[in-house]
Amino acid sequence: MMKGVELSTLGLVAVLAVILMLAVITAVFIGAVSIPFTEVIQILVYKILGVKLGDFASIPPTHIVIVWELYAPRALLGVIVGVALALAGVVMQAMVQNPLADPYILGISSGASLGATFAFLMGAGALGGMVAELGVSFWAFIGALGASFAVFTLSAMGGKMTTTRLILSGTIIASICGAFSNLIVYLAPSDSGIKSLTFWMMGSLSTEGFDGLIIPGIILIVCLLFFFTQMRPLNAMLMGDEVATTLGVDLSTLRKVYMVLTAVLIAVMVSNCGMIGFVGLVIPHIARALVGTNHWKLMPVACLLGGAFLVVADIVARSLTTSEIPIGIITAIVGTPVFAYIMIKKSYGFGSRD
Amino acid sequence: MIETDELCVSIGKKRIVDHSTIHVDEGEFVGLIGPNGSGKSTMLKAIYRTLEPESGTITVNGVMLKDSSLRESALNLAVVSQHNYYNFDFMVEEVVMMGRTPHKKSMEMDNEEDRRIVGESLEKVGMSDFKGRKFSSLSGGEQQRIILARALTQMSPCLVLDEPTNHLDVKYQLDVLDIVKGLGSTVLCALHDLNLAAQYCDRIYILEGGRVRYEGSPSEVITEDVILEIYGVKSSVEVHPKTGLLNVVYYPRHSSGF
C-alpha cells in the first residue's frame, strides 16, 4: 500500500513538472506585444542552442529583445519566486508548528515595507542622493533582513526560542516597523513617492535580462538543496518541541539555521518583486490537501505548485488589461477562494481535529 | 539502565526536583508516584532532555546525558508522554515511522527494514489495521497506543512513560501497561493510579516536594500509613484474593470507614 502512495506522489510530481513547463512556455509568448508562437520557439532555440531555425532573419529584432530580455527572464523569475515562497511557507509552518504561518510571518514583510518606504519617500527628500542611488531593492532587503534578525534575537532573549516566542516577537517587530513606516509616510514632503510605494508593495515580476535572476536563483538553489535534506527533522518538528527532542532532533540549532536561510531567501525575493501574498500560505495547504503532511511528499509538490501558480498568476496579471495589474492582487484574488474552499472542505481540517 | 544522582531541576526560581537519586536496572519496571506537583513529570523531562538539570547527573544506558547528543539519547531512550495533540495531521504509519528518526541519516529514505519495524511495532500494540488511517481520526486510547508504537520503533533499550494512562478508559489503561510490561524493557513510568502502580511495577519511588520519600517494592511502599502521610487519605491496602496483587481502596469522607 505504501508503494502505491509513493507511486501516485511521483506521478503527481511529474504532472506538476509538466504543468510548470507549459506555464513557462505560455508565459514567454503572452504579453503586451503578441509574438507568433513559431517566432518564440525560433528565438529560444537560437538563444539557448545557438541554432537559427527556418527564416530567422525575418524576425524583427524588437521581438528578439522582448522575448529574451523581458518575457523569458520574467517567466523564470516567476518560477524562482513561486518555488521560494512555497518552500519558505512549508518550512515556516513546520518551524512555528502553526498552519497559519507564511514566509512573511517573522517580521520580513514589515521590515521590507519599512525599507521600501524609506527608499521611496526619503529618496525625494534631503538625504535623496545616497538613498536613491542604492535603490528600493537594497533598502527592502536591508529592512527584511534587519527585521528577521530582530525577531530572531528577541525570541532567543531570556529563554528558549519557542514557537510562541517566535510568533510574538514577529508581531512585536511588525508593529514597530509599521509604526515607523507610517511615520515616514506622515512626514513625507511629497505625495509622489506614495503611489510608487503602494505599487511596489503589491508586487511585480518585471525584470530586464537574466542578470537580475542570478542572486535569487543561487540562493533558491542553496535553500532547496539544504531543505531537501531536512525532511525528517521537519516532520519531527510538526510533532511538537518535546516529541522532536525525544526523537533526537536538535531543535534549537535547527531553528536558527532554518530561520537564517528562509530570512535571506525571502528577503532576496521581496527586494526583487515586492510583497506577493498568499502563495506562501495557500500553496503549502493545497499541497497538504493533495499529498498529506509528510514532507517527503509535501515539499516537492508544494515547490512545483508554487512555481506554476506564480507563473500562471503573472500571465493573468499581464493579459487581463492592456497594462499590467500588480501580481499581488491576482494571487490574493485567486488564492483566497481556494483557501476558503479547502477550509470548508471537510476532509481537510488544516491538520487539526475540528 | 537509567540513573539519576543528586538531581536538581528548577523551573524559574522554584526548585521542582530536589537532590533526587533513583535508578532503574536493566529490564526493571519502575514506577514514579506522588501527589500533583511532587516533581514526577519534571524529573522525567530532565531525563528525556526537554528540561536542563540545575545540578546532579543523569545516566541512561551507561552514558552521561550531558556528554551525549540528543540523537544518541534518542537511540538509548524512547518516550511516551501524556496525551499528545498535533496541529498537523499525519497518517498513523507516518507517526510510527518517526520513531526511526534517530536511526536515519538526513537524506536516507525509509527502507524495507524500517517498514518491517513499523509493522512489528503496530502489531505489538494491536493496531496493525489502523496503518492507513489519519492519526487525528483515532480515539484517545488508540492514539496513545500509536504513540507507544512510535516509541517501540525507536528500538531503544530504555523507555520513559509519563502518565501514559491519563484520559484513557480502564480497558486501554490495562492494555497500554500490559504491552509495556510485556516488552521486558527498562521502564521508568510516572503513574497517578496507585492500584496500577502496585499491579505493574517491580519497584516504586514515591516523590514528595521533589524529593524521594520512599523506595521499595509495591508491598513495601504502598501501605495505609504511607498513603495517609503522602496523600492525606485514609485507605485499606490488601492483597486481592483473585488477582494476588495489591489492592488499594480509598475511604471518601462520606464513607463509614473514614
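This text goes with the structure placed above it.
Cut-off values and rules
- Residues numbered from 1 in each chain as written.
- Chains lettered and ligands numbered in written order.
- Predicted model: local features only at pLDDT ≥ 70, side-chain atom pairs only at ≥ 80, totals over all residues.
- Heavy atoms only, no water.
- Axes fitted to C-alpha atoms, helices over the stretch in contact; angles between N-to-C directions.
- Helix = DSSP H or I, 4+ residues; strand = E, 2+ residues; numbered from the N terminus.
- Parallel < 35°, antiparallel > 145°, perpendicular 65-115°, else oblique.
- Left-handed = near helix turned anticlockwise from the far one by under 90°.
- Contact = heavy atoms within 4.5 Å.
- Nonpolar A, V, L, I, M, F, W, Y, C, P; charged D, E, K, R; others polar.
- Polar contact = N/O pair within 3.5 Å; in protein donor to acceptor, adjacent residues only side chain to side chain.
- Salt bridge = Lys/Arg side-chain N within 4 Å of Asp/Glu carboxyl O.
- Buried < 20%, exposed > 50% of the residue type's maximum accessible area, 1.4 Å probe, protein only.
- Buried area = accessible area lost by both parts, 1.4 Å probe.
- 1 Å grid on protein atoms, 1.4 Å probe; cavity = no way out; pocket = protein on both sides within 12 Å on 5 of 7 lines; lining within 4 Å.
- Points joined across faces, edges and corners; volume = space filled by probe spheres on them.
- Pairing = 2+ DSSP bridges.

Colleague: It is not clear to me how the packing of helix α4 (residues 108–122) of chain A against helix α6 (residues 163–187) of chain A should be interpreted in this structure. Could you clarify?
Modeller: If you want to describe how two helices pack, look at the angle between their axes and the distance between the axes. All names here are of chain A. It is the contact of α4 with α6, at a shortest axis distance of 8 Å, that shows an interaxial angle of 15°. Put simply, α4 runs roughly parallel to α6. As α4 runs across α6, the sense of the crossing is left-handed. Contact residues: α4 offers S110, G111, S113, L114, T117, F118 and L121, while α6 offers I173, A174, C177, F180, S181, I184 and V185. Its residues placed into classes, the contact of α4 with α6 shows nine nonpolar, five polar and no charged.

Colleague: Before we go on, may I ask you to explain the environment of B:T186 in this structure?
Modeller: Residue and element names in this part refer to chain B. Mapped onto the elements, T186 comes out in strand β8 (residues 186–190). Each C-alpha atom of the pair T186 and G27 lies 4.2 Å from the other, and the pair is 159 residues apart in sequence. Not counting residues up to four positions away in its chain, the partners in contact with T186 are M1, I2, V24, D25, E26, G27, E28, P157, C158 and L159. Looking at T186, its side chain comes within polar contact range of the main-chain nitrogen of G27, at 3.0 Å.

Colleague: Help me out: how do you make sense of the pattern of salt bridges in this one?
Modeller: Side-chain pairs of opposite charge can arise whenever the charged atoms involved come near each other. All names here are of chain B. One pass over the structure, following the stated rule, counts 24 salt bridges over all chains. Note that D114 is salt-bridged to K104, the shortest N-O span being 2.4 Å. Residue D114 is found in helix α4 (residues 112–124), and its partner K104 is found in the loop between α3 (92–97) and α4; the two are separated by ten residues along the sequence. We classify D114 as buried; its relative accessible area is 1%. Take K104: its relative accessible area is 6%, and that puts it in the buried class.

Colleague: Got a minute to help me understand the side chain of B:Q173 in this structure?
Modeller: All names here are of chain B. By the secondary structure assignment, Q173 is in helix α6 (residues 170–183). We classify Q173 as buried; its relative accessible area is 17%. When sequence neighbours within four positions are dropped, the list of residues in contact with Q173 reads T165, L168, D193 and L196.

Colleague: Looking at this model, I keep getting lost on the interface of chain B and chain A. Mind explaining?
Modeller: Size of an interface: often given as the accessible area lost when the parts come together. Every contact between the two is made by 40 residues of chain B and, on the other side, 34 residues of chain A. Surface buried jointly by chain B and chain A totals about 3,200 Å² across both partners, of which 59% is contributed by carbon and sulfur atoms. Where chain B meets chain A, there are two salt bridges. Residue B:E94 is joined to A:K297 by a salt bridge in which the shortest nitrogen-to-oxygen separation is 3.8 Å. At the junction of chain B and chain A, the tally comes to six residue pairs in polar contact (both at pLDDT 80 or more). Class assignment for the residues of the side of chain B that touches chain A results in 15 nonpolar, eleven polar and 14 charged.

Colleague: Teacher, can you tell me more about the layout of surface pockets here?
Modeller: Over the atoms a probe the size of a water molecule is rolled, and this reveals where empty space is left. Of the volumes computed, that of the largest pocket is approximately 740 Å³. Contributing to the lining of the largest pocket are 27 residues, with A:K160, B:R49, B:T50, B:L51 and B:E52 lying nearest its centre. Put simply, the parts of the chain that give the lining of the largest pocket at least two residues each are α10 (241–246) and α11 (251–273) of chain A together with β4 (55–60) of chain B. For the lining of the largest pocket, the class distribution of residues is ten nonpolar, eight polar and nine charged.

Colleague: What exactly am I supposed to notice about the sheet that holds β4(B) here?
Modeller: Through backbone hydrogen bonds, the strands of a sheet pair up, either in parallel or in antiparallel fashion. Residues and elements named next belong to chain B. Strand order in the open sheet formed by four strands is β2-β1-β4-β5, with antiparallel pairing between adjacent strands. If you trace the sheet from one side to the other, it starts and ends with β2 (14–24) and β5 (63–64), each paired once. Strand direction decides the pairing type here: strand β1 (residues 2–11) and β2, joined by seven bridges, are antiparallel. When the sheet's bridge partners are listed, I11 is paired in β2 with K14. Here helix α1 (residues 40–47) sits on the sheet in contact with β1, β2 and β4, set at roughly 115° to β1.

Colleague: What is the right way to look at the sheet that holds strand β10 (residues 211–216) of chain B in this model?
Modeller: All names here are of chain B. The strand order β6-β7-β8-β3-β9-β10 describes an open sheet built from six strands, whose pairing is mixed. In this open sheet, the two edge strands, each paired with only one partner strand, are β6 (77–80) and β10. Ignoring strand direction, the axes of neighbouring strands in this sheet form an average angle of 20°. Sheet topology places strand β9 (residues 203–208) next to β10; five bridges connect them, and they run antiparallel. Residue L207 lies in a different strand from β10, and its bridge partner there is V212. Helix-sheet contacts for α1 involve β3 (29–33), β6, β7 (158–162), β8 and β9, and the interaxial angle to β7 is about 145°. Packed onto the sheet, helix α9 (residues 224–231) meets β3, β9 and β10 and runs at close to 170° relative to β10.

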